[in-house]
Amino acid sequence: MAHPNDTENFYAREGSSQAEDVINYVQAILSRSTAECSAIPENIRDIPGIEKLSSLLFGIRHMTNALSKGDLDCSCSEKGYVIGSLKSLQADLRHMTWQARCIARGDYQHRVNFLGDFSTAFNTMAEELDKSVTKLTSLSTEYKEMSNRDALTGLLNRRAFTNQALDALQEHAERCSQAVIIMVDLDYFKKINDTWGHACGDEVLRQTARLLLSRLREEDICCRYGGEEFILLLPHTDIQRGVCVAEQLRQNFIESCIVYDGHSVPVTASFGVNGVSLDNPQKCLNSVFDKAVKRADKYLYAAKRGGRNKVVSNERAFSSPTAVRRPTQSEPSSDVAPRPGGQEIGV
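Everything numeric in this text was worked out from a predicted model, so none of it was measured.

Conventions we followed
- Residues numbered from 1 in each chain as written.
- Predicted model: local features only at pLDDT ≥ 70, side-chain atom pairs only at ≥ 80, totals over all residues.
- Heavy atoms only, no water.
- Helix = DSSP H or I, 4+ residues; strand = E, 2+ residues; numbered from the N terminus.
- Buried < 20%, exposed > 50% of the residue type's maximum accessible area, 1.4 Å probe, protein only.
- Contact = heavy atoms within 4.5 Å.
- Areas by Shrake-Rupley, 256 points an atom, 1.4 Å probe, with all protein chains shown as cover.
- Arc of directions from axis to C-beta.
- Axes fitted to C-alpha atoms, helices over the stretch in contact; angles between N-to-C directions.
- Parallel < 35°, antiparallel > 145°, perpendicular 65-115°, else oblique.
- Left-handed = near helix turned anticlockwise from the far one by under 90°.
- Core = buried A, V, L, I, M, F, W, Y, C linked by side-chain atoms within 4.5 Å.
- Salt bridge = Lys/Arg side-chain N within 4 Å of Asp/Glu carboxyl O.
- Nonpolar A, V, L, I, M, F, W, Y, C, P; charged D, E, K, R; others polar.
- Pairing = 2+ DSSP bridges.
- pLDDT = per-residue confidence, 0-100.
- Phe/Tyr/Trp six-rings, centres within 6.5 Å; stacked < 30°, edge-to-face > 60°.

A. Main features of the overall build of the protein chain. Regarding its fold elements, the protein chain presents nine helices and 10 strands. When each of the 347 residues of the protein chain is scored for burial, the buried share is 41%. In the protein chain, of all internal contacts separated by at least 6 residues, the share reaching a separation of at least 24 is 62%. In the structure as shown, the protein chain presents an accessible area of about 19,800 Å², 51% of it carried by carbon and sulfur atoms.

Written out as structure tokens, the structure is:
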């Protein structure tokens, strides 16, 4: 609306016609500062519709000025084609602003179909951001997985094993479940390196990892603990079953044939088996786990001192090097269940 109380007004030019004054007044509203044209000149004030025209022009001026400054909250009570177009533009910009905020929060699925070239540019930006974030997420997952794996064998490294083992134990702690830790150490590994070279030793470690994974269940966790030493966690497994699994693995090592550079390389391993008691959920799980690992390691070295190629638990040997024969396909063992794909699972 015009402001008749303003002191500085637009005045009609002397000698001009009424029509010229109307045109000059409209031009003044659209081009000059507000104070210079806020009041309708006296000689055109009585023209029918001039008040409505003045109000509409000031509404257009107000909306245009607000949009040019990025103010998307301005309001205008005037109606008409131009005002309607400005309000439509305002609504589109509001919607695009909301969608931009969604993208800023990580939702890259928003697209717009208004504002012509602006829409094309916005959608292109959203699509490229989506691709970039998807690629970065994939790379992040890949690098995280790589950081959790031993580069030579592909097994979990010690840090990742500890984290996964604690998660698995925590999941079963409230059920007072049992679990078993098996420490595995290849016998006379230095002799293999000295005799056949470190490349042969690396191949033995890779094939050891494949053997262990092929004989374990999906829920079992396997790790290269360091050097030629490996550690396994068998959730919801009692000590007797754990000893059986270790003995089967020991026998598998004896029966496996590792060929390197045309030579057969004999490999045996020693095992330390210890149960993890989860009968008291109030105990510190980290402390329980650490003590269980140390005790399994103690049993492993007892197997080493006892002549190697043994399974030891509770500081006594459960098997000798000739103890258990591997069942044939026609004699399925009660301790071995088939894994999908023809693999075996120690239970």
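B. A look at helix α6 (residues 189-196). Among all positions of α6, only Phe 189, Ile 192 and Asn 193 are buried. Angular distribution of buried residues about the axis of α6 spans 95°; they occupy a single face of the element. Projecting away from the buried face of α6 at angles above 90 degrees are the exposed residues Lys 190, Lys 191 and Asp 194. Against β1 (178-186), α7 (198-214) and β5 (263-265) lie the buried residues of α6. With its phi angle positive at about 100°, Gly 197 sits one or two positions after the end of α6.

C. Focus on the packing of α7 against helix α8 (residues 239-255). The contact between α7 and α8 brings their axes to 11 Å, and the two run at 135°. For the element pair α7 / α8, the angle class is oblique. For the pair α7 and α8, the sense of crossing is right-handed. Here Thr 208, Leu 211 and Leu 212 of α7 come into contact with α8, specifically with Leu 249, Asn 252 and Phe 253.

D. Structural detail: the nonpolar core. One finds Ile 182, Leu 186, Val 204, Leu 232, Phe 253 and Phe 271 to be the most contacted residues of the largest nonpolar core, which totals 30 residues. Ranked by the residues each element gives to this core, the list is headed by α7, at six residues. In this structure Leu 186 touches Val 204, Leu 205, Thr 208, Glu 228, Phe 230, Phe 253, Val 267, Thr 268, Ala 269 and Lys 304, once residues within four positions along its chain are discounted. Counting 24 residues, the second-largest nonpolar core is a separate cluster that includes Leu 156, Ala 179, Tyr 225 and Leu 233.

E. Unusual backbone geometry, seen in detail. Positive phi is not limited to glycine here, since Tyr 188 has a value of about 50°. For Asp 261, which is not glycine, the phi torsion reads 55° and is therefore positive. Inspection of the secondary structure assignment puts Asp 261 in the loop between β4 (258-260) and β5. We classify Asp 261 as exposed; its relative accessible area is 64%.

F. Structural detail: the pattern of salt bridges. One pass over the structure, following the stated rule, counts 11 salt bridges. Among the ionic pairs, Lys 131 bridges to Glu 128, the shortest N-O distance being 3.8 Å. Within this pair, Lys 131 and its partner Glu 128 are both found in helix α4 (residues 117-147), separated by three residues, close to a single helical turn. Salt bridges here are not isolated pairs; linked through shared partners, they connect Asp 185, Asp 187 and Lys 304.

G. Up close: the packing of α6 against α7. For the pair α6 and α7, interaxial distance at closest approach is 6 Å and the crossing angle is 135°. Of the possible angle classes, the one that applies to α6 and α7 is oblique. Contacts between α6 and α7 involve Phe 189, Ile 192, Asn 193 and Trp 196 from the first element and His 198, Cys 200, Gly 201, Val 204 and Leu 205 from the second. Classifying every residue of the contact of α6 with α7 by side-chain character gives six nonpolar, three polar and no charged.

H. How the structure looks around the pairing of strand β3 (residues 229-234). Summarising burial for β3: six of the six residues are buried, a large majority. The two faces of β3 match: Glu 229, Ile 231 and Leu 233 on one face and Phe 230, Leu 232 and Leu 234 on the other face are all buried. In the sheet, β1 pairs with β3 via six bridges, with the strands oriented antiparallel. Across the sheet, the residue bridging to Asp 185 is Glu 229, located in β3. Direction of pairing for strand β2 (residues 221-226) relative to β3: antiparallel, over a ladder of five bridges. By the bridge assignment, Gly 226 is partnered in β3 with Glu 229. Once β2 ends, the chain turns through two residues before running back antiparallel as β3, passing Gly 227 with a positive phi of about 60°.

I. Expanded view of the confidence of the model for the protein chain. Overall, the predicted model of the protein chain reaches an average pLDDT of 81, with 82% of residues at or above 70. A low-confidence stretch, residues 1-8 stays under pLDDT 50, and its non-local contacts, those more than four residues away or across chains, total 17 contacts. Under a pLDDT of 50 for its full length, residues 320-347 has, in the predicted model, 59 contacts with residues more than four places off or in other chains.

J. A look at the environment of Asp 297. Within the secondary structure layout, Asp 297 lies in helix α9 (residues 285-305). Measuring from C-alpha to C-alpha, the distance between Asp 297 and Asn 274 comes to 8.7 Å, with 23 residues separating the pair along the chain. With sequence-adjacent residues up to four places away left out, Asp 297 is seen in contact with Met 183 and Glu 229.

K. Seen up close, the packing of aromatic side chains. As enumerated under the stated definition, the model contains two aromatic pairs in all. Measuring from ring centre to ring centre gives 6.2 Å for Phe 161 and Phe 289, while their planes differ by 45°; the resulting arrangement is tilted. Placement of Phe 161 in helix α5 (residues 158-173) and of Phe 289 in helix α9 is noted, with a sequence separation of 128 residues between them. In terms of burial, Phe 161 and Phe 289 fall into one category: buried.

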